[in-house]
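Letter by letter, the chains look like this.
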Number of protein chains: 2
Amino acid sequence: MLAAERRDHLLGLLARKGKIVAKEVAAELGISEDSVRRDLRDLAAEGLCQRVYGGALPVSPAVVDYEARQTVAPDGKRKVASAAVGLVRPGGALILDGGTTALAVARALPADLDCTVITHSPTIAAALLDHPQAELFLLGGRVFKHSAVTCGAAAVEAAQNISADLCLLGVTGVHPEAGLTTGDAEEAAMKRALSARAADTYILASSEKIGTASRFRVLPWKKVSGLITDADPQDTVVEQLKTLGVEVLVAS
Amino acid sequence: MLAAERRDHLLGLLARKGKIVAKEVAAELGISEDSVRRDLRDLAAEGLCQRVYGGALPVSPAVVDYEARQTVAPDGKRKVASAAVGLVRPGGALILDGGTTALAVARALPADLDCTVITHSPTIAAALLDHPQAELFLLGGRVFKHSAVTCGAAAVEAAQNISADLCLLGVTGVHPEAGLTTGDAEEAAMKRALSARAADTYILASSEKIGTASRFRVLPWKKVSGLITDADPQDTVVEQLKTLGVEVLVAS
DNA sequence: AAGATACATGCAGAACCGTGCAACAACAGG
DNA sequence: CCTGTTGTTGCACGGTTCTGCATGTATCTT
């Protein structure tokens with residue numbers, strides 16, 4: 001393991017778990033505690049972590065570079081994205097919706113992923129250009145600038161010619177009675193068309209969308225295989241969804 | 001093994017594995033660590049990887065994005081782009097090819113431009129998202145990662161359903177006898193399909209492309225309306241083109 | 001207060017690095 | 001065909017950086 005790689009690893013741990021115990025990491029990586037301590041000392045000197053007795057903690061969010069916050073997806077979306085990545089099978093075909101949560105999924109996909117990704121979002125397509133093993137298929141059509149995806153008759157028609165194992169769909173509203181909803185009729189139709197072309201459809205929904213509804217219905221619950229969210233599993237709405245027979249994958 | 005081949009191999013490793021250990025690669029390829037280190041040093045100088053003790057790591061995605069946004073097009077491409085923008089008529093329809101020169105055109109288009117832009121490049125589409133008045137149409141298909149455009153049967157078919165007043169095409173070779181050429185057969189076919197759907201086709205070619213030829217013919221001279229270049233109008237090749245009846249728009 | 005744990009520091013060996021140099025191949029020009 | 005030039009490659013050298021250990025000190029726990 002490269003020294004610089006190890007530093008990245010430490011920062012990753014810090015972001016994911018919120019703390020680092022020097023002893024544990026040393027054992028895990030098979031290196032001496034001294035090296036871990038030295039790394040932590042260096043990172044602390046650069047303001048990338050806060051050194052504490054026994055390990056290190058993240059620097060307070062306010063201090064973190066503004067740019068870093070911009071580029072990194074909000075915590076909820078990142079959690080949902082990494083849970084969603086677990087559903088993707090190598091060698092399969094994946095339909096990936098547009099939107100910021102789907103973009104987080106695209107970024108979380110392993111760089112050497114060997115599968116076909118079908119999308120109607122130029123942004124997602126651009127984000128996947130550096131995945132050399134992934135076959136990439138873009139559904140054309142009129143571009144809806146608001147959400148940066150193609151919609152309309154041409155896009156729906158293009159979708160009719162593809163099939164996939166899995167469809168990961170973003171929505172703006174997730175409600176027990178209203179079902180899955182979004183704010184634009186064309187977009188709703190497009191999402192429906194995408195979902196219809198996949199064996200399984202999972203919904204990407206960070207916690208703030210749970211229990212809310214938008215103007216246009218995308219799908220009823222019976223048409224989706226499951227929901228991926230970072231909401232509390234004990235949440236009332238989440239419990240309600242479970243009683244409806246919805247498979248809820250909790251991301252953390 | 002060729003030096004350039006080796007460089008590609010290194011970049012591939014970086015993408016697939018996320019890191020390079022100089023010692024390992026040297027052993028694997030049967031060359032000295034010095035050569036590997038030299039390559040890594042060069043790649044790092046071009047911003048293609050991050051050199052670290054013991055090997056190299058990928059440049060962080062955030063940095064790439066940032067750099068891509070920051071990098072202004074080379075002077076030649078910028079000149080060509082601004083000359084090309086002069087051909088675009090408000091209210092009309094424009095077919096915009098992929099590639100860096102076309103991207104420069106997209107960026108040079110006025111933000112309040114009121115026209116329809118048709119493209120097969122997700123990158124170009126993404127660049128035009130903030131042009132509120134422009135209608136944007138994306139041609140779908142299999143994405144060719146190398147040049148970040150859609151190609152193949154589906155893309156060509158999608159192109160059959162559109163029409164435009166003007167097509168701005170990038171090529172890699174501009175030669176009096178060989179005509180307009182590019183390095184990939186699929187791309188050449190796609191460019192032909194785009195050109196066929198527009199009343200006028202103009203070629204975007206910064207000066208370094210003048211007088212060169214690539215493997216696959218895109219179009220013969222008689223099919224294009226003109227050439228937009230920043231090359232010297234007195235240049236021998238440019239003079240030759242003029243005698244062939246090619247309209248040459250000199251960008252400056 | 002005392003033992004346990006974590007820490008900083010210095011040190012030595014190992015790994016890694018850049019540079020200069022010579023050998024070699026590819027190539028253009030005579 | 002020869003020759004000078006250019007660019008690449010491997011090797012040798014000296015310097016730098018990393019790493020684990022030993023030591024003495026600081027901090028935590030009980």
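Fair warning: this is a prediction, and the values are worked out from it, not measured in the lab. (Residues numbered from 1 in each chain as written. Chains lettered and ligands numbered in written order. Predicted model: local features only at pLDDT ≥ 70, side-chain atom pairs only at ≥ 80, totals over all residues. Heavy atoms only, no water.)

### A closer look at the UniProt feature "domain: HTH deoR-type" (unreviewed entry) in chain A
Next, step 1: Annotation from UniProt places "domain: HTH deoR-type" (unreviewed entry) at residues 3-58 of chain A.
Next, step 2: As annotated, residues 3-58 of chain A has a helix share of 64% and a strand share of 14%, and its two end C-alpha atoms lie 20 Å apart. (UniProt positions renumbered as here; feature names shortened; annotations may be inferred. Helix = DSSP H or I, 4+ residues; strand = E, 2+ residues; numbered from the N terminus.)

### Observations concerning the sheet that holds strand E1 (residues 20-21) of chain A
Residues and elements named next belong to chain A.
Next, step 1: Strand order in the open sheet made by the three strands is E1-E3-E2, with antiparallel pairing throughout. Of all strands in the sheet, those bounded by a partner on one side alone are E1 and strand E2 (50-52).
Next, step 2: One ladder, built from three bridges, connects E2 with strand E3 (residues 55-57); its direction is antiparallel. Bridge pairing links Gln50 to Leu57 in E3.
Next, step 3: Packed onto the sheet, helix H3 (residues 33-45) meets E1, E2 and E3 and runs at close to 140 degrees relative to E2. (Pairing = 2+ DSSP bridges. Contact = heavy atoms within 4.5 Å. Axes fitted to C-alpha atoms, helices over the stretch in contact; angles between N-to-C directions.)

### Focus: the protein's contact with DNA strand C
Next, step 1: Neighbouring residues of DNA strand C: 18 residues in total, closest Arg37, Tyr53 and Gly54 of chain A together with Arg37 and Gly54 of chain B.
Next, step 2: Val52 of chain A places a main-chain nitrogen or oxygen 3.5 Å from a phosphate oxygen of DNA strand C.
Next, step 3: Tyr53 of chain A has a polar side-chain atom sitting 2.9 Å from a sugar or linking oxygen of DNA strand C.
Next, step 4: Looking at side-chain class alone, the surface near DNA strand C contains four nonpolar, four polar and ten charged residues. (Near = heavy atom within 4 Å. Polar contact = N/O pair within 3.5 Å; in protein donor to acceptor, adjacent residues only side chain to side chain. Nonpolar A, V, L, I, M, F, W, Y, C, P; charged D, E, K, R; others polar.)

### Quick look at the layout of surface pockets
Over the atoms, a rolling probe the size of a water molecule traces out where space has been left empty.
Next, step 1: Taken as a whole, the second largest pocket encloses approximately 370 Å³ of empty space.
Next, step 2: Every residue lining the second largest pocket is counted, 18 residues in all, and those nearest its centre are Ala154, Ala158 and Asn161 of chain A together with Ala154 and Ala158 of chain B.
Next, step 3: Of all the secondary structure elements, the ones that give two or more residues to the lining of the second largest pocket are strand E6 (135-138) and helix H8 (152-160) of chain A together with strand E6 (135-138) and helix H8 (152-160) of chain B.
Next, step 4: Grouping the constituent residues of the lining of the second largest pocket by class yields ten nonpolar, six polar and two charged. (1 Å grid on protein atoms, 1.4 Å probe; cavity = no way out; pocket = protein on both sides within 12 Å on 5 of 7 lines; lining within 4 Å. Points joined across faces, edges and corners; volume = space filled by probe spheres on them.)

### Topic: the nonpolar core
Next, step 1: Within the largest apolar cluster, 54 residues are counted, with the highest numbers of intra-cluster contacts made by Leu168 of chain A together with Leu168 of chain B.
Next, step 2: If near-sequence neighbours (up to four positions away) are discounted, Leu168 of chain B is found in contact with Ala84, Leu87, Leu94, Ile95, Leu96, Asp97, Val105, Tyr202, Leu204 and Ile228 of chain B. (Core = buried A, V, L, I, M, F, W, Y, C linked by side-chain atoms within 4.5 Å. Buried < 20%, exposed > 50% of the residue type's maximum accessible area, 1.4 Å probe, protein only.)

### Notes on the protein's contact with DNA strand D
Next, step 1: Taken together, the neighbourhood of DNA strand D is formed by 15 residues, with Ser32, Ser35 and Arg38 of chain A together with Ser35 and Arg38 of chain B sitting nearest.
Next, step 2: The contact in question runs from a base oxygen of DNA strand D to an N or O atom on the side chain of Tyr53 of chain B, over 3.2 Å.
Next, step 3: Of all the secondary structure elements, the ones that give two or more residues to the surface near DNA strand D are helix H1 (3-17) and H3 of chain A together with helix H3 (33-45) of chain B.
Next, step 4: Looking at the surface near DNA strand D, its residues break down into five nonpolar, four polar and six charged.

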